[in-house]
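Secondary and tertiary structure notes
Chain residues, written in single-letter form:
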Amino acid sequence: MIIKDRNSLNTLFIVVVLLLTLLAGVVGYWSWHNLKKERVKDLSYSNSVIKRYYELSFNQWRNVLLNLGERLINVNGASQDSIRLAIAKQSDQSYDELLAFGLVDTTGQIMVFSNSQLGDSLPDLSKSENSSRSFNLAKRVEKISIGEAYYFQNVDDWILPIRVPIRDNDGNLLALNTTALQYSSLNKDLYSFGFDSRYKVHLVNKDFGTSQLYYPMSEKVFSELLKKSANIYTDYKELLSNEVTYYQGKNAFESSQALWVSSELDGLNHRLIVSVDYGVLLSDFRDTIVVVLSMYFLLLLLLFVLFNTSEKRQAVYVNTLR
């Protein structure tokens, strides 16, 4: 009689332990799935904010360059060089985020440069290794062209060239107005958004297959990235979460697994990617799993005490009957 009751009690104990283990596993899986879903949602939101920022900012800078270019091209007369230079210098002082302005003719020869002096010999963009490809592309675009990022010694920073074609009413190219954005200023703008500092922001120029921006990143590492293909996300699969398309795969540049959300920038031949390393998810999940395991082992301890007490009471009861 005693053995039978103990076997029943032990069997019940094992069943309850298995149920608790299953419950802990379900809670852990649900927590991980929910954590991942919330992270994808936040990635999508961050991507949309940055996307709107770039589309709005580059459109505003295009309008600035278009208006300035039209002003410069319409200057005629014997003093046109000095007047154009004065306009360019004045504009240069009005826009802190944009570097020196320059007006370039259809061959690539710079006609006006705001950081020059009257009579200076100005360079030809078509003969520069850093600018020839993007200059030739800029001649064909309708609105705005952003060149390949390169290090510019004069400002001790990486820059993104911006060129806007100036055309007549028949669409014929008259000149291009050009300036550039500093990498440090873009970093500063992105930092001010306040999104998760562990996110990586990758801006890809699809014309050249090059990286325009990889945030946050030191100057040395960015130099290494420019030497590689911009398609650094590999071995990935496309997934869907709450109608948000996201990707899960490898960040080959940093040799890590990652989640990311990608979007196209309207009016720009660019792709925006906002990603997060899997290590960030695992770090966040670690806090959750510690709580789950703590509750699990606490319940096991209470269960052991409860069944141990019940077993002793059963033994006392049987002995009393005897």
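Anyway, here's the lowdown on the structure attached to this text. (Residues numbered from 1 in each chain as written. Predicted model: local features only at pLDDT ≥ 70, side-chain atom pairs only at ≥ 80, totals over all residues. Heavy atoms only, no water.)

1. Observations regarding unusual backbone geometry
Of note, the amide linkage connecting Tyr-215 to Pro-216 takes the cis form, showing an omega dihedral of -10°. Mapped onto the elements of the fold, Pro-216 is located in the loop between β8 (210–215) and α5 (219–226). You will see that Asp-235, though not glycine, has its phi angle at about 50°, which is positive. You can see Asp-235 is positioned in strand β9 (residues 233–241). A relative accessible area of 68% places Asp-235 in the exposed class. Notably, Glu-243 is not glycine yet its phi reads approximately 65°, a positive angle. (Helix = DSSP H or I, 4+ residues; strand = E, 2+ residues; numbered from the N terminus. Buried < 20%, exposed > 50% of the residue type's maximum accessible area, 1.4 Å probe, protein only.)

2. Some points on the environment of Ala-175
Among the structural elements, Ala-175 can be located in strand β6 (residues 173–182). Distance in space between the C-alpha atoms of Ala-175 and Thr-107 is 8.9 Å, their sequence separation being 68 residues.

3. Thoughts on the nonpolar core
Counting residues in each nonpolar core, the largest one holds 64 residues, and the members touching the most others are Tyr-54 and Phe-58. Ranked by residue count, the leading element in this core is helix α1 (residues 2–73), at 14 residues. When sequence neighbours within four positions are dropped, the list of residues in contact with Phe-58 reads Ile-144, Ile-146, Ile-162, Leu-181 and Leu-268. Within the second largest apolar cluster, eight residues are counted, among which are Ile-110, Phe-135, Leu-173 and Leu-176. (Core = buried A, V, L, I, M, F, W, Y, C linked by side-chain atoms within 4.5 Å. Contact = heavy atoms within 4.5 Å.)

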